[in-house]
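Coordinate analysis (summary)
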Amino acid sequence: MSDVFQFMKLSRNPGDKIEASVRKIEFKEIYQPLHAVDAADQAGRCLSCGNPYCEWQCPVHNYIPNWLKLVEEGRLFEAAELSHQTNSLPEICGRVCPQDRLCEGACTLNQGGFGAVSIGSIEKYITDEAFKAGWRPDMSKVVWTDKTVGIIGAGPAGLACADVLVRNGVKAVVYDRYEEIGGLLTFGIPEFKLEKSVIKRRREVLEGMGVKFVLNTEVGKDVSIDTLLERHDAVFMAMGANKFIKGGFPGEGSPGVVEALPYLVNNVRQSMGTLPNGVAPISMKGKRVLVLGGGDTAMDCVRTAIRQGAKRVICAYRRDEVNMPGSKREVANAKEEGVEFLWNRQPVAIEPMVGGTLAVKLVETRLHKRNGTEQLLAESFSASEVLVECENVIIAFGFQAEAAEWFDQVGVVTLENGRTMISSSGNINFQTSHTKIFAGGDQIRGADLVVRAVFEGREAGKSILNLFQGDLDLCNGKS
């Protein structure tokens, strides 16, 4: 029987973190993996709450206390099986989820000041070590049908949908415009958070399960939507949210101003050696860089610029640190690596200067509640202008979904904000205005967390199965 006071005797241990002086010059994951003993010890700190808040706060509702218990007992393969019952990409979510505001933030141990169970690190440990030991999803009982589904987008929602479908005997064919799977997991998230070997391994696993990938293929350009509808019994759209949100102030299009996503994609392709011919590498080496925005994408940009050798990196955000949307863990990491922050500052203009530099005009903001609600608005006042001179500005205000050119052709309806409209009827959810086309993830909600895209991809996959066969016993709970 485990020690019920282990949470008091052992401190929280998410894994050793590489020193900032070392990690800021390399594109490698900064958190070292837990060893078997450490993982078991940390799992043993779980209180096994009768009503596990961690599980409810998790967007995919992982069976967290259950697989923590299995890890404590050394039952690694069983933990991997259980982890995959709710999450198609657990080793990825263990790395990129903001656990500090999800499962770990809800951990009961926080209330006593003992520090949350290291859920994210253990989730990563389970799948990494199980794969190393030879574990793979059990497909031996799958009975293949003659149904096929075309999935547009190999990001988290598309991969999760494919996972559910093949486990239930439906052939999944995933089309993606990039040269590798993963979407923004591969091309948007830097390697200091998610090394690309992790995604390559997941591709091998999915292909071993029967998923087919058709890469370097853009729907509407290289293959038509009509062709997909002819080839497949249903189509799932998981193209994500990639439209750059503009600030709408003068000088935003000046030379030296870079959008966050093209910058991050360019850097990853440099690292992978897949930068297309004719595309120049973007480097911040030796430059003064100002990043505008306060979300996780902004943190990815500032930490990438540091690793590229920028002379100085400043992040300006219109709210204060407490009310920023990005992960607190990522902000702490950025500070350790030398990033400076200007809180309560909003850009109002970018002015090109003689010599090729940029002067960014920022005004101070004050937060106030909107019409008596808890929503905080940042209101600027011009009496507090400050100029920041730099060579490059990276704009990271976020992304939104948008309609593809072929939406009107097949009658797919979008909302004013560009998100695809879906409907629910009985056990059929995530269905668009075209009965054979489904959508999920950022495509319907705008830019959001990886784990929410995984959840919606899985749920859409189940709805497609229901469309095909009615209510199903989903492979004895393996989906």
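Taken together, Val413, Leu415 and Met421 make up a surface patch of nonpolar side chains, about 220 Å² in accessible area. Tracing the chain through its elements places Met421 in the loop between helix H16 (407-410) and strand S15 (423-425). On the basis of relative accessible area, Met421 is assigned to the partly exposed category, the value being 35%.

Here Trp56 is to be found in helix H4 (residues 53-57). A C-alpha to C-alpha distance of 9.1 Å links Trp56 and Leu102, two positions 46 residues apart in sequence. If near-sequence neighbours (up to four positions away) are discounted, Trp56 is found in contact with Asn51 and His61. A polar side-chain atom of Trp56 sits 2.9 Å from a polar atom in the side chain of Asn51.

All right, on to the confidence of the model for the protein chain then. Here the protein chain shows a mean pLDDT of 92. Residues at 70 or above account for 94%. Predicted confidence for residues 471-479 stays below pLDDT 50, and this span has 21 contacts to residues more than four positions away or in other chains.

Below, the discussion takes up the pairing of strand S8 (residues 312-316). The element S8 is largely enclosed, with a buried count of four among its five residues. Read as a crossover between parallel neighbours, the route from strand S7 (residues 288-292) over helix H14 (residues 296-307) to S8 is right-handed. In this sheet, strand S9 (residues 340-342) lies alongside S8 in parallel orientation, the contact comprising three bridges. Among the inter-strand pairings, Ala316 is bridged to a residue of S9, identified as Leu342. After leaving S8, the chain enters helix H15 (residues 328-336) and then returns to the sheet as S9, a path that is right-handed.

What follows deals with helix H3 (residues 36-43). Among all positions in H3, only Ala39, Ala40, Gln42 and Ala43 are buried. Down the axis of H3, the sector holding all buried residues measures 165°, keeping them to one side. Buried residues in H3 make contact with helix H1 (6-9), helix H5 (64-72) and helix H8 (119-132).

Another point: the sheet that holds S9. Working definition: the strands of a sheet are paired by backbone hydrogen bonds and lie parallel or antiparallel to each other. Taking strand neighbours across the sheet as the criterion, the five strands line up as S6-S13-S7-S8-S9 in an open arrangement whose pairing is parallel. Each of the sheet's edge strands pairs with one partner strand only, and the pair in question is strand S6 (257-259) and S9. Taking the axes of each pair of neighbouring strands and ignoring which way they run, one obtains an average angle of 25° across the sheet. Sheet topology places S7 next to strand S13 (residues 392-395); four bridges connect them, and they run parallel. Bridge assignment links Leu290 to a residue of S13, and that residue is Val393. Contacting S7, S8, S9 and S13, H14 runs over the sheet at an angle of about 170° to S8.

It is worth spelling out the packing of H14 against H15 at this point. Interaxial distance between H14 and H15 falls to 10 Å at its minimum, and their mutual angle equals 20°. Classified by the angle between their axes, H14 and H15 sit roughly parallel to one another. In terms of crossing hand, the pair formed by H14 and H15 is left-handed. Facing Asp296, Met299, Val302 and Arg303 of H14, the residues of H15 in contact are Glu330, Val331, Asn333 and Ala334. Among the residues making up the contact of H14 with H15, the classes are represented as four nonpolar, one polar and three charged.

Every buried residue belonging to H15 is among Glu330, Val331, Asn333 and Ala334, and all of these are buried. For H15, the arc enclosing every buried residue in end-on projection is 160°, short of the 170-degree limit, so these residues lie on one face. Looking at the packing, one finds that the buried side of H15 touches helix H2 (20-23), H14 and S9. Taking the backbone nitrogen of Arg329 as reference, a side-chain oxygen 3.2 Å away marks Ser327 as the first, capping residue of H15. Immediately beyond the C-terminal end of H15, within one or two residues, lies Gly338, with a positive phi of roughly 105°.

Analysis parameters
- Residues numbered from 1 in each chain as written.
- Predicted model: local features only at pLDDT ≥ 70, side-chain atom pairs only at ≥ 80, totals over all residues.
- Heavy atoms only, no water.
- Patch = residues over 30% accessible without salt bridge, like charges linked within 9 Å, V, L, I, M, F, W, Y side chains within 5 Å.
- Areas by Shrake-Rupley, 256 points an atom, 1.4 Å probe, with all protein chains shown as cover.
- Salt bridge = Lys/Arg side-chain N within 4 Å of Asp/Glu carboxyl O.
- Helix = DSSP H or I, 4+ residues; strand = E, 2+ residues; numbered from the N terminus.
- Buried < 20%, exposed > 50% of the residue type's maximum accessible area, 1.4 Å probe, protein only.
- Contact = heavy atoms within 4.5 Å.
- Polar contact = N/O pair within 3.5 Å; in protein donor to acceptor, adjacent residues only side chain to side chain.
- pLDDT = per-residue confidence, 0-100.
- Right-handed = clockwise from strand over helix to strand, strands pointing away.
- Pairing = 2+ DSSP bridges.
- Arc of directions from axis to C-beta.
- Axes fitted to C-alpha atoms, helices over the stretch in contact; angles between N-to-C directions.
- Parallel < 35°, antiparallel > 145°, perpendicular 65-115°, else oblique.
- Left-handed = near helix turned anticlockwise from the far one by under 90°.
- Nonpolar A, V, L, I, M, F, W, Y, C, P; charged D, E, K, R; others polar.

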